[in-house]
Amino acid sequence: MVKDRKSYDVLKVDQLFSVSGGKSKPQSINQILSSRSRKKSTTIYINQKPCKFEVDSGSDYTIVSSKTFDQLWPGVKPLLYECGLELSDFQHNGVPNRGVLDVDIENNKRPIKDLPLIIVNGNQSNVLGCNWFDALGISVQGVLAIEESPTIKHILGKFEHLFSKELGKFRGEPVSLQVKNNIQPIRLPARRIPIAIRSLVETELDRLCAQGIFEPVEYSDWATPIVPVLKSDGTIRICGDYKSSLNKAMLPHNFQIPSISSLISSIEGGKIFAKLDLAQAYQQLAVDEHSAMLQTVATHKGAFKVNRLQFGISSAPRIFQNFIDVLLRNIPCVLPYFDDVVIMGGTETELSERINEVLSRFDKSGLHLRRDRCKFGVHTIHFLGYKTEAARFFGLPLVELDDND
């Protein structure tokens, strides 16, 4: 039972949904194999009814599907609170939710009270996320260190500056956002920021201004209220609620984001891997002055134009994927997908040559990487919900969504 209204964080969840049974599995040299036995699951009693969850240390929150919610409460439903969630799948498509409530559960005959549970639309797998781990006594173990080869270490030393904490900036032409003709500008006021997180929001505003991403302006025809997203490390990410403003006027980008099956089937012969992570990926692309004003955000500290491509802009995923595809074109066995880049090789030498070429192009372009999220010279990685292992892919619970969904 929900005892009082609580303030819940804005949430972004990756790799959330179950494989659709209606699609056949692609058969090629790289098989997609079921590994349901590899997943960890548990059954927890909610409202005196058993509810099966997949335990996912990669999800910050615990989530059940709308279908499960209706099964747990077939009659009178408990009150759900609107919590401002922004969920997206691995292709950055929005996923609607019904709300959030506090639930009393029973696990191993032990009652536990007031755990937050998010309800999403549809019939997806239920996910037991990290926010329930402490209450249930779950711990995560088995993080292994990776020893990189001397050749790869030499390459990484040569490009060490690409891993600096300074935000990268593409040295080419800025992005120009395209809007429909004869559209009346939408200028919305700033929303109230809860006192509890106001200082965090102001700290993040100062950081974004120092990075040159935000720049104060006195006036703009367009203005979008911000949505503060509380991250797992306790800091704030500032997003714009562009669905209420600029996205209504955006022209769709022509680039078609590749499907997961086409990406997987394009990989052949990978025995050793590297995985790169672009820091604040979209925000490494500058936008022109007109686009910066279109992206203006309204805050309790005034208006700020946004000089880099913003998360939440409807055409941003296609713009960025098109950019990264062109940048890394014609390098064999390199698979870019938004902020992740997977590099494959049949031998360590082959992998090293491809890592060197990718990093060379990033260096010339001005892009930077997050060293703590990169892996080099490993035999197993996770990519788009699949575990890669010597040219084989072991499927994890996902559903493939089209870009237009």
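Here goes a summary of the coordinates provided. (Residues numbered from 1 in each chain as written. Predicted model: local features only at pLDDT ≥ 70, side-chain atom pairs only at ≥ 80, totals over all residues. Heavy atoms only, no water.)

Some details on the sheet that holds strand E10 (residues 214–217)
- Taken in spatial order, the five strands line up as E10-E15-E14-E11-E12 in an open sheet, and their pairing is mixed. The two strands at the open ends of the sheet, each matched to only one other strand, are E10 and strand E12 (236–240). Shown here is a sheet whose adjacent strand axes are inclined to one another by a mean of 45°, direction ignored.
- With four bridges joining them, E10 and strand E15 (residues 302–306) adopt antiparallel strand pairing. By the bridge assignment for E15, proline 216 is matched with phenylalanine 304.
- Packing of helix H4 (residues 195–210) onto the sheet brings it into contact with E10, strand E11 (224–230), E12, strand E14 (297–299) and E15, and relative to E12 it is tilted by some 75°. (Pairing = 2+ DSSP bridges. Helix = DSSP H or I, 4+ residues; strand = E, 2+ residues; numbered from the N terminus. Axes fitted to C-alpha atoms, helices over the stretch in contact; angles between N-to-C directions. Contact = heavy atoms within 4.5 Å.)

Description of helix H3 (residues 150–158)
- Taken residue by residue, H3 has Ile152, Ile155 and Leu156 as its buried positions. Buried residues of H3 fall within an arc of 100° about the axis and therefore sit on the same side. Facing away from the buried side of H3 by more than 90 degrees, the exposed set consists of Pro150 and His154. (Buried < 20%, exposed > 50% of the residue type's maximum accessible area, 1.4 Å probe, protein only. Arc of directions from axis to C-beta.)

Description of the pattern of salt bridges
- Applying the stated criterion across every chain yields a total of 10 salt bridges.
- Here arginine 191 makes a salt bridge to aspartate 241, at a shortest N to O gap of 2.4 Å. One end of the pair, arginine 191, is in the loop between H3 and H4; the other, aspartate 241, is in the loop between E12 and helix H5 (260–265), and 50 residues separate them in sequence.
- With a relative accessible area of 39%, arginine 191 lands in the partly exposed category.
- Classification of aspartate 241 by relative accessible area gives buried; the value is 5%.
- Glutamate 350 is paired through a salt bridge with arginine 354; the nearest N and O atoms lie 3.5 Å apart. One end of the pair, glutamate 350, and the other, arginine 354, are both in helix H8 (residues 348–365), four residues apart, so they sit about a helical turn from each other.
- The class of arginine 354 is buried, set by a relative accessible area of 12%.
- What you see here is one network of salt bridges that share partners, running through Arg191, Asp241 and Lys243. (Salt bridge = Lys/Arg side-chain N within 4 Å of Asp/Glu carboxyl O.)

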